[in-house]
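Summary of the model geometry
If you want the building blocks of each chain, they are given just below.
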Amino acid sequence: MDYVVEMLNIRKEFPGIVANDDITLRLKRGEIHALLGENGAGKSTLMSILFGMYQPDRGTIQVNGKEVRISNPNVANHLGIGMVHQHFKLVENFTVTENIIMGTETRRWGLFLDVKQAGRKIAELSTRYGLNVDPYAKIEDISVGMQQRVEILKMLYRKADVLILDEPTGVLTPQEIHELGKIMKNLIAEGKSIILITHKLKEIKEFADRCTVIRRGKTIGTVDVAATSEAAMAEMMVGRQVSFKVQKAPSRPGETVLKVEGLTVRSARKSQALKDFSLEVRAGEIVGVAGVEGNGQSDLVEAVTGLRKAESGRILLNGKEITSESVRQRIEDGIGHIPEDRQRRGLVLDYSLAENMVLEVYHKAPFSRRGILQSQPIREYAEGIIGSYDVRSGEGAASSARSLSGGNQQKAIIGREIERNPVLLVAVQPTRGLDVGSIEYIHKRLVEHRDKGNAVLLVSLELEEVLNLSDRIAVVNNGELVGLVDAAETNENEIGLMMAGVRKEAQP
Ligand SMILES: Nc1ncnc2c1ncn2[C@@H]1O[C@H](COP(=O)(O)OP(=O)(O)OP(=O)(O)O)[C@@H](O)[C@H]1O
Ligand SMILES: [Mg+2]
C-alpha cells in the first residue's frame with residue numbers, strides 16, 4: 001500500500017493529560033484524509049507532532065516508508081510536510097509575498113531581487129492551484145479566507161506534498177468553504193495528500209476519502225467516508241447518539257430588553273457600515289441575525305457591546321439609553337458577549353483558566369475583598385463553569401488558557417458569559433469550532449438562558465444554526481435590515497433570498 005505518512009502508536013502526554021494515547025493514522029498518497037474527534041481529543045497535538053512542533057513520548061513516524069525523526073518544523077518542511085494552523089498568524093503589515101518568503105529567503109542575490117522573483121513564483125502557484133491571491137496585497141487588507149489561502153501558498157512555495165489543514169473552514173464563509181473544496185481537489189489532482197481537521201460532518205462527506213476518528217486521545221478507527229453516514233461518524237466520535245435538532249418550546253416573549261433605533265455605524269473594515277438600523281429583542285426570545293459576512297453584523301454587535309461608537313441613533317437596554325456607555329458599564333448593566341474572535345477578545349491567553357473566568361467580575365465580592373483577589377472563591381467559581389460546560393484541560397482551573405484546545409477555549413467563554421446570567425446575551429458564532437456533541441449542549445444552554453426570561457441576540461454565518469435556534473430572524477444586507485421573520489414560518493430558501501437583498505414581499 002502506498003502510504004506517504006504513517007504515524008504509528010503515537011503517545012504524547014502533557015501535565016495532567018494524555019493528549020495522544022497510542023494513536024495510529026496512515027495517510028495514502030493522493031487522498032483527503034479527515035481527522036475527526038471531540039474538542040480536546042488530541043487532533044491538533046497529533047498534527048503538531050507530525051509538523052515537528054512536539055516530540056512524541058512514544059511511537060514512530062514513517063514518511064514514504066522510511067522512519068524519520070521530525071525534530072522541528074524545518075525538518076518537516078524538508079520532508080515535504082506543511083501545516084496551516086488552527087489559529088494562523090501572518091504579519092499584518094507585510095505583503096503576501098513577504099509573509100511567504102519569511103524564513104526561506106536566500107540573500108544571495110540581495111533581498112530585493114528575491115522578493116520580485118518570489119512574487120512571480122507565488123503568482124504562478126496561485127494561478128496553477130486556483131488560489132486567487134494577490135502576491136503584493138498587504139495581509140491587513142485581505143479577507144480571512146484569502147489569508148488562509150496565503151497559508152496554503154506558503155506550504156506550496158516550500159514544496160510541501162503533505163498538507164495539514166487544522167480546522168480551515170472554521171473561519172470561512174459558506175462561499176469560501178466551497179472555494180476551498182475546489183482548491184483541495186486541485187491539490188489532490190497534482191498528487192498532493194491532505195489531512196483535514198473539521199468538526200463539520202457535511203464537509204467530511206463532501207471532501208474526504210477516508211476519516212480517522214479519535215476520542216480522548218485514543219484511535220477509534222478509520223472509515224471509508226462514502227460508506228459511512230454522518231450519524232455513524234458522530235456516534236464513533238462522541239460515543240453516543242447526537243441530536244442535530246434543537247429541542248425547544250415556543251418562545252414566550254416579554255418586555256423589550258434591547259431596542260436599537262435608527263442606528264448608523266461607520267465601519268472600520270471594508271465591510272458595509274450599518275445604516276439606519278432598528279431592531280428589538282424581547283425578554284424570553286432569541287433573535288438571530290442572518291446575513292452574508294460583512295453586511296453590518298459586526299458593526300451591530302460592536303455598537304451594542306460598546307466596542308464601536310454609534311454615529312447616530314440610539315441603543316436602549318431595558319428602557320435605559322446606553323448609546324454612549326463604556327463597555328464596562330454595559331457589562332454592569334447586564335450585557336454578555338460571546339465574541340467572534342475568541343483569541344483576541346475572549347481570553348487572555350497567558351492567564352489561567354480561573355483568572356479568565358472572572359475577567360469581568362474579579363473586582364467584586366466574593367472574588368475581591370478590600371482590593372485583594374481571593375483565590376479560593378475564584379477557583380471554585382471557575383471549577384463550576386469547567387464542570388458544567390465540560391471544559392477539558394490538563395490542569396483544570398490552573399491550566400493556562402493558551403494550553404486549551406480551540407474548542408475548549410470556546411466552551412470556557414460561553415460558560416463564563418452565560419454564568420453571569422446577562423439580561424442580554426450577544427452571541428456571535430457561538431458554536432464555531434465546537435464538536436457536534438458540544439454544539440448540541442451549547443444550543444440547549446442558550447435556549448435555557450432564553451427560557452429564564454433573558455434576551456439573546458444571535459449572530460451566525462451558519463444559516464442552519466440561525467434557523468434552528470432563533471425565534472425570530474432579522475436578515476441584513478448591505479448594512480440594512482431587509483426583513484424580520486418568524487423562524488417557524490420561514491425556510492432556508494426565503495432567508496437565502498433575503499440575504500441577497502430580495503425583500504419578502506418581492507419574492508415569488
Ligand atoms: N501545550 C500544551 N500544554 C498543556 N496541555 C496541552 C497543550 N496542548 C494541548 N494540551 C491539552 O491536550 C489536549 C488535546 O488538545 P488538542 O489541542 O490536541 O485538541 P483538539 O483535538 O485539537 O481539540 P479542538 O477540536 O478543540 O481543537 C487538551 O486537553 C489540551 O488541553
Ligand atoms: Mg485543535
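Quick caveat: nothing in here was measured; it's all calculated off a predicted structure.

**Quick look at empty space enclosed by the protein**
Across all of its chains, the model carries one cavity of 30 Å³ or more by this definition. Considering only enclosed or pocket space, the largest cavity measures out at about 30 Å³ in volume. As for the largest cavity, its lining consists of Gly145, Gln148, Arg149, Leu172, Glu176, Glu179, Leu180 and Ile183. Looking at the lining of the largest cavity, the elements that each hand over two or more residues are α5 (144-157) and α6 (174-189).

**With respect to the domain arrangement of the chain**
Interface size is often expressed as the accessible area that is lost when the parts come together. Per the domain assignment, the segments of the chain are domain 1 (3-238), domain 2 (243-334 + 422-508) and domain 3 (342-420). Between domain 1 and domain 3, the C-alpha centre-to-centre distance is 30 Å. Facing the nine residues of domain 1 at the interface are 12 residues of domain 3. Summed over both partners, the interface of domain 1 with domain 3 comes to about 860 Å²; 41% of that surface belongs to carbon and sulfur atoms. At the surface where domain 1 touches domain 3, the tally comes to one salt bridge. For the pair domain 1 and domain 3, the interface holds three residue pairs in polar contact (both at pLDDT 80 or more).

**Thoughts on the packing of helix α14 (residues 406-419) against helix α15 (residues 436-451)**
The description of two packed helices rests on the angle between their axes and on the distance between the axes. Look at α14 against α15: their axes get within 11 Å of each other, and the N-to-C directions meet at 10 degrees. Here α15 runs roughly parallel to α14, going by the angle between their axes. Regarding α14 and α15, the two cross each other, and that crossing is left-handed. Together, Lys411, Ile414, Ile418 and Glu419 of α14 and Ser438, Ile442, Arg445, Leu446 and His449 of α15 make up the contact between the two elements. Its residues assigned to classes, the contact of α14 with α15 shows four nonpolar, two polar and three charged.

**Things to note about the side chain of serine 470**
Tracing the chain through its elements places serine 470 in the loop between α16 (463-469) and β21 (472-477). A distance of 3.5 Å separates a polar atom in the side chain of serine 470 from the backbone nitrogen of glycine 288. Each residue touching serine 470, except ones within four places of it in the same chain, is listed here: Lys248, Ile286, Val287, Gly288, Leu458, Glu465 and Ala487.

**Some words on the nonpolar core**
Core analysis: the biggest nonpolar cluster contains 51 residues, and Ile152, Ile204 and Cys211 have the highest contact counts within it. By residue number, the principal contributor to this core is α5, which donates seven residues. In this structure isoleucine 152 touches Val84, Leu131, Leu165, Leu180 and Leu187, once residues within four positions along its chain are discounted. Core analysis: the second largest hydrophobic core is formed by 33 residues, Leu353, Leu404, Val447 and Val456 among them.

Conventions used here
Position numbers for residues count from 1 along each chain, tracking the sequence in the order it is written. Lettering for chains starts from A, numbering for ligands starts from 1, and both go in the order in which the items are written. Two thresholds apply to this predicted model, a pLDDT of at least 70 for residue-level local features and 80 or more for giving and counting side-chain atom pairs, whereas whole-chain, interface and lining totals are computed over all residues. Excluded from the side-chain calculation are hydrogens and water; included are all heavy atoms of the structure. The method works on a 1 Å grid over the protein atoms by themselves. A cavity is a set of points holding a 1.4 Å probe that cannot get out, a pocket is an open set with protein on both sides within 12 Å along at least five of seven lines, and residues with an atom within 4 Å of a point line them. Grid points are joined across faces, edges and corners, and a volume is the space filled by probe spheres set on the points. Each helix corresponds to a stretch of at least 4 residues labelled H or I by DSSP, and each strand to a stretch of at least 2 residues labelled E; elements are numbered beginning at the N terminus. These domain boundaries are the output of an automatic or database domain assignment. Contacts are assigned to residue pairs with any non-hydrogen atoms lying within 4.5 Å of each other. We define buried area as the total accessible area lost by two parts upon association, computed with a 1.4 Å probe and summed across both. Each salt bridge in this description consists of a side-chain nitrogen of Lys or Arg and a carboxyl oxygen of Asp or Glu lying within 4 Å of one another. Any N or O atom pair separated by 3.5 Å or less is treated as a polar contact, with the protein-specific requirement of one donor-capable and one acceptor-capable atom, and with residues adjacent in sequence counted only for side-chain atom pairs. To get an axis, a line is fitted to the C-alpha atoms, and for a helix only the part in contact is used. The angle between two axes follows their N-to-C directions and goes from 0 to 180 degrees. Working rule for angles: under 35 degrees goes down as roughly parallel, over 145 as roughly antiparallel, 65 to 115 as roughly perpendicular, anything else as oblique. Each crossing gets its hand from how the near helix is turned against the far one by less than a right angle, where anticlockwise is left-handed and clockwise is right-handed. Three residue categories are used. Nonpolar comprises Ala, Val, Leu, Ile, Met, Phe, Trp, Tyr, Cys and Pro, charged comprises Asp, Glu, Lys and Arg, and polar comprises the others, including Gly. Only buried residues count toward a nonpolar core. Its members are Ala, Val, Leu, Ile, Met, Phe, Trp, Tyr and Cys residues joined through side-chain atoms within 4.5 Å. Burial classes follow relative accessibility: with a 1.4 Å probe on protein chains only, a residue under 20% of its type's maximum area counts as buried, one over 50% as exposed, and anything between as partly exposed.

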